[in-house]
Amino acid sequence: MAKYIAQIIVLGGQAIGRAFAKALKQEIAASQEAAKRAGGGRQGDQSAESNLRTGMTLEEAKQILNIEDTKNVESITKNYEHLFNVNDRARGGSFYLQSKVFRAKERLDHELKAQEQHQKPKSDQQSEEAPQSRARQRR
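Everything quoted here is computed from the prediction, not taken from an experiment.

(A) The arrangement of the overall build of the protein in detail. The number of helices and strands found in the protein is 5 helices and 0 strands. The order of α-helices and β-strands along the protein, N terminus first, is α-α-α-α-α. Counting over 139 residues, the protein shows a buried share of 16%. A separation of at least 24 residues holds for 53% of the contacts in the protein among residues at least 6 apart in sequence. Surface exposure of the protein reaches about 11,100 Å², of which carbon and sulfur atoms provide 53%.

(B) Representation of the nonpolar core in the model. Counting 11 residues, the largest nonpolar core is built from Met56, Leu58, Ala61, Leu65, Ile67, Ile76, Tyr80, Val101, Ala104, Leu108 and Leu112. Looking at which element gives the most residues to this core, the answer is helix H5 (residues 95-138), with 4 residues.

(C) A look at the packing of aromatic side chains. Scanning the model with the defined rule gives 1 aromatic pair in all. Here the aromatic rings of Tyr80 and Phe84 are separated by 5.4 Å at their centres, their planes lie at 35°, and the arrangement is tilted. Of this pair, Tyr80 and Phe84 both sit in helix H4 (residues 73-86), separated by 4 residues, roughly a single helical turn. Under the relative-accessibility criterion, Phe84 is labelled partly exposed at 27%. Lying over the aromatic face of Tyr80, Lys105 brings its terminal NZ or CZ to 5.6 Å of the ring centre.

(D) Seen up close, the pattern of salt bridges. Evaluation of the coordinates by the stated rule reveals 3 salt bridges. Where Glu106 meets Arg103, a salt bridge forms, and the shortest distance between an N and an O atom there is 2.6 Å. With Glu106 and Arg103 both in helix H5, this residue pair falls 3 residues apart, about one helical turn. Under the relative-accessibility criterion, Glu106 is labelled partly exposed at 24%. Given a relative accessible area of 37%, Arg103 falls into the partly exposed group. For Asp109, the salt bridge is made with Lys105, and the minimal N-O distance between the two is 3.1 Å. Placement of the pair is Asp109 and Lys105 together in helix H5, with a separation of 4 residues, close to one helical turn.

(E) Layout of unusual backbone geometry. Even without glycine at this site, Asn66 takes up a positive phi of about 55°. Inspection of the secondary structure puts Asn66 in the loop between helix H3 (58-64) and H4. When its relative accessible area of 60% is taken as the criterion, Asn66 is described as exposed.

(F) Just the side chain of Thr70, in detail. In this fold, Thr70 is placed in the loop between H3 and H4. Every residue in contact with Thr70, bar those within four places of it in the chain, is listed here: Leu58, Lys62, Ile76, Leu108, Leu112 and Gln115.

(G) Geometry of a nonpolar patch on the surface. A surface patch of nonpolar side chains, amounting to about 370 Å² of accessible area, comprises Met1, Ile5 and Ile9. Position of Met1 relative to the elements: it lies in the segment before helix H1 (2-38). Given a relative accessible area of 75%, Met1 falls into the exposed group.

(H) Highlighting the environment of Ile76. With respect to the helices and strands, Ile76 occurs in helix H4. For Ile76, a relative accessible area of 2% gives the class buried. In this structure the C-alpha to C-alpha distance between Ile76 and Leu108, which are 32 residues apart in sequence, comes to 8.3 Å. Apart from residues lying up to four places away in sequence, Ile76 is in contact with Leu65, Ile67, Thr70, Lys105, Leu108 and Leu112.

Criteria and thresholds
Residues numbered from 1 in each chain as written. Predicted model: local features only at pLDDT ≥ 70, side-chain atom pairs only at ≥ 80, totals over all residues. Heavy atoms only, no water. Helix = DSSP H or I, 4+ residues; strand = E, 2+ residues; numbered from the N terminus. Buried < 20%, exposed > 50% of the residue type's maximum accessible area, 1.4 Å probe, protein only. Contact = heavy atoms within 4.5 Å. Areas by Shrake-Rupley, 256 points an atom, 1.4 Å probe, with all protein chains shown as cover. Core = buried A, V, L, I, M, F, W, Y, C linked by side-chain atoms within 4.5 Å. Phe/Tyr/Trp six-rings, centres within 6.5 Å; stacked < 30°, edge-to-face > 60°. Lys NZ or Arg CZ within 6 Å of the ring centre and 35° of its normal. Salt bridge = Lys/Arg side-chain N within 4 Å of Asp/Glu carboxyl O. Patch = residues over 30% accessible without salt bridge, like charges linked within 9 Å, V, L, I, M, F, W, Y side chains within 5 Å.

Function cannot be inferred from these measures alone, as they are strictly geometric.
See the structure below:
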């Protein structure tokens, strides 16, 4: 009897060990894929930070608000206002869906802000480099 119990325990432990190893491999593969999609480097870190802060990826936010171009602020605002109002609880809507719409808008706002910050240093560098290149041309 004890022999059978020991075999059951060993087989159960092996099954749990295999399942844990498989789950770990899947998680590693998923995190590597997410890192590739985020772009890696500093920009990838900012994207990952925004994903964690809002709990939503950029792709999810674009799907929720039905947006193709993240630079089109007018269409983002229009779709956000429509979906937010349609899902108002006072009008029989879903608070859950309304919160998803809000988080999607928040995520897109983070992305726009990051793009602006990314473009500002470049314009600052160009403005600093322009006088130097003009001075070199005068020589």
